[in-house]
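Chain and residue survey
Okay, here's what each chain looks like letter by letter:
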Amino acid sequence: MSTTATISDSLALRLALAAKAVPEVGTKALINLLISQCGEPLSEKKFRSLSPKQLRQMFAEAGQTVERSQVNQLYAILSSAEVAAMEAPSIPPQVDLGGPVLRLAVSSNNQQQVDGHFGSCLRFLIFEVSAQGYQLCAVREVEEQLHGDARTDYLLSLISDCQLLATLSIGGPAAAKLTRADILPLKQLLPQESEPVLERLQTVMRSDLPRWLAKLLGVSASCEGEQECRCETHQ
């Protein structure tokens, strides 16, 4: 952008978050691409006129290989009405949930929403869940601008103490790594608040545990195999 151009705090924050969504592109290169697409000066109004297809085409014409999931996240950041909503949630006072407890990681960009992709989310929210309740116990920001296997290994290290991951999408190789680490990915079709996912897990834990969940918790199974399990969470 022009050195004489002024930029609002909101626009600066939006651009910083956008650059984090596509770390392989780089902040300066992304800003130059957006200028070529939208013209100067950049504005949040111009960003809201973009579409995911235009962003994919923008990267393709620049010779940049960017995953569709990352483009979708970039679009969400650029077009969101309230960029301030992309702040991390606060952790409430912790209580003893009692009984078997599992940990669910949520790939998130906005407060307590499941709205991030495993490879490009801004942070992981860590929830503890038992039959008696659930609580947010940690917020882990994604800081490293790594690529390929190194990035996957870094992201995996952030949730290595969890048994489940709720995410919008995850690539096959990354999902295989999580499975080998005994972390089960739960793909969500659409962005949503974390509560419905947590409530479904809590409901399952209150009933006879399916084999896949009993294995994660290290307790005896109550059903005879995953194919017989019909719980919404496992489906």
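Residues numbered from 1 in each chain as written. Predicted model: local features only at pLDDT ≥ 70, side-chain atom pairs only at ≥ 80, totals over all residues. Heavy atoms only, no water.

Structural notes on the layout of surface pockets
The condition is simple: Lining residues are defined by having an atom within 4 Å of a point belonging to a cavity or pocket. Those points lie on a 1 Å grid over the protein atoms alone, cavities being sets where a 1.4 Å probe fits but cannot get out and pockets being open sets with protein on both sides within 12 Å along at least five of seven lines. Grid points are joined across faces, edges and corners, and a volume is the space filled by probe spheres set on the points. For helices the rule is a DSSP run of H or I covering at least 4 residues; for strands it is a run of E covering at least 2, with both sets numbered from the N terminus onward.
Considered as a void within the structure, the largest pocket measures approximately 480 Å³ in volume. Elements represented by at least two residues in the lining of the largest pocket include exactly helix 5 (68–79), helix 6 (148–158) and helix 7 (172–180). Among the elements that line the lining of the largest pocket, the one with the most residues is helix 6, at 5 residues.

Examining the pairing of strand 5 (residues 164–167)
Note the following rule: For every residue, the accessible area (1.4 Å probe, protein chains only) is compared with the maximum for its type, and the residue is labelled buried under 20%, exposed over 50%, or partly exposed between those bounds. Pairs of strands are assigned from DSSP output, requiring at least two bridges between the strands. We call a crossover right-handed when, viewed with both strands directed away from the observer, the connection leading from the first strand over the helix to the second proceeds clockwise.
Alternating residues of strand 5 divide into Leu164 and Ala166 and Leu165 and Thr167, and every residue in both groups is buried. As judged from the 3 bridges shared by strand 1 (residues 102–108) and strand 5, these two strands associate in the parallel manner. For leucine 104, the partnering residue across the bridge sits in strand 5 and is leucine 164. Two elements, strand 5 and strand 6 (residues 184–187), share 4 bridges in a ladder whose sense is parallel. Among the inter-strand pairings, leucine 165 is bridged to a residue of strand 6, identified as proline 185. For the crossover that starts at strand 5, traverses helix 7 and ends in the parallel strand 6, the hand is right-handed.

Description of the packing of helix 1 (residues 9–21) against helix 2 (residues 27–38)
For any two helices packed against each other, the geometry comes down to the angle between their axes and how far apart the axes lie. Convention followed: Fitted lines through C-alpha atoms give the axes, limited to the stretch in contact for helices. The angle between two N-to-C directions lies from 0 to 180 degrees. Orientation is classified from the angle alone, with under 35 degrees giving roughly parallel, over 145 giving roughly antiparallel, 65 to 115 giving roughly perpendicular, and any other angle giving oblique. Left-handed describes a crossing whose near helix is turned anticlockwise from the far helix through less than a right angle; right-handed describes the clockwise counterpart. Contacts: residue pairs with any heavy atoms within 4.5 Å of one another. Three categories are distinguished: nonpolar for Ala, Val, Leu, Ile, Met, Phe, Trp, Tyr, Cys and Pro, charged for Asp, Glu, Lys and Arg, and polar for the others, with Gly belonging to the last.
The N-to-C vectors of helix 1 and helix 2 enclose an angle of 110 degrees; their axes lie 9 Å apart at closest approach. Considering their axes alone, helix 1 and helix 2 lie roughly perpendicular with respect to each other. For helix 1 against helix 2, the interelement crossing comes out right-handed. Within the contact between the two elements, helix 1 uses Leu15, Ala18 and Ala19 and helix 2 uses Thr27, Leu30, Ile31 and Leu34. Per-class residue counts for the contact of helix 1 with helix 2 are 6 nonpolar, 1 polar and no charged.

Re the environment of leucine 102
Among the secondary structure elements, leucine 102 is positioned in strand 1. Given a relative accessible area of 0%, leucine 102 falls into the buried group. Residues leucine 102 and cysteine 162, 60 residues apart in the sequence, show an inter-C-alpha distance of 7.2 Å.

Considering the confidence of the model for the chain
Inclusion rule: Confidence of the predictor at the level of single residues is given by pLDDT, which spans 0 to 100.
For the chain, mean pLDDT is 85; residues scoring 70 or higher make up 89% of the total. Across residues 223–235, where pLDDT falls below 50, the model places 20 contacts with residues more than four positions away in sequence or in other chains.

As for the sheet that holds strand 3 (residues 123–129)
Pairing is mixed across the open sheet formed by 5 strands, whose spatial order is 4-3-1-5-6. Single-partner strands in this sheet number two, and they are strand 4 (134–141) and strand 6. Each strand of the sheet is rotated relative to its neighbour by a mean of 25 degrees, with strand direction disregarded.

Points about the state of the cysteines
To keep things clear, this is the line we draw: Any two cysteine sulfur atoms within 2.5 Å of one another count as a disulfide.
A full pass over the atoms with the stated rule returns 0 disulfides. Here cysteine 137 is not disulfide-linked; the sulfur of cysteine 162 is the nearest cysteine sulfur, at 7.3 Å. The exposure class of cysteine 137 is buried, given its relative accessible area of 16%.

Considering unusual backbone geometry
The omega angle of the peptide bond from glutamate 40 to proline 41 is -10 degrees, so this bond is cis rather than trans. Phi at glutamine 111 takes a positive value of approximately 45 degrees, unusual for a residue other than glycine. With respect to the helices and strands, the residue glutamine 111 is situated in the loop between strand 1 and strand 2 (113–114). At aspartate 182, a position not held by glycine, the phi torsion is positive, near 65 degrees. Here aspartate 182 is to be found in the loop between helix 7 and strand 6.

Quick word on helix 8 (residues 194–206)
The test is simple: Multiplying 1.5 Å by the residue count of a helix minus one yields the expected span of that helix. Arc definition: it is the arc formed by the directions from the helix axis to the C-beta atoms.
An ideal rise of 1.5 Å per residue puts 18 Å on 13 residues; helix 8 measures up with 19 Å between its terminal C-alpha atoms. Along helix 8, the residues that are buried comprise Ser194, Val197, Leu198, Leu201, Gln202, Val204 and Met205. For helix 8, the buried positions fall inside an angular range of 160 degrees around the axis, keeping them on one side.

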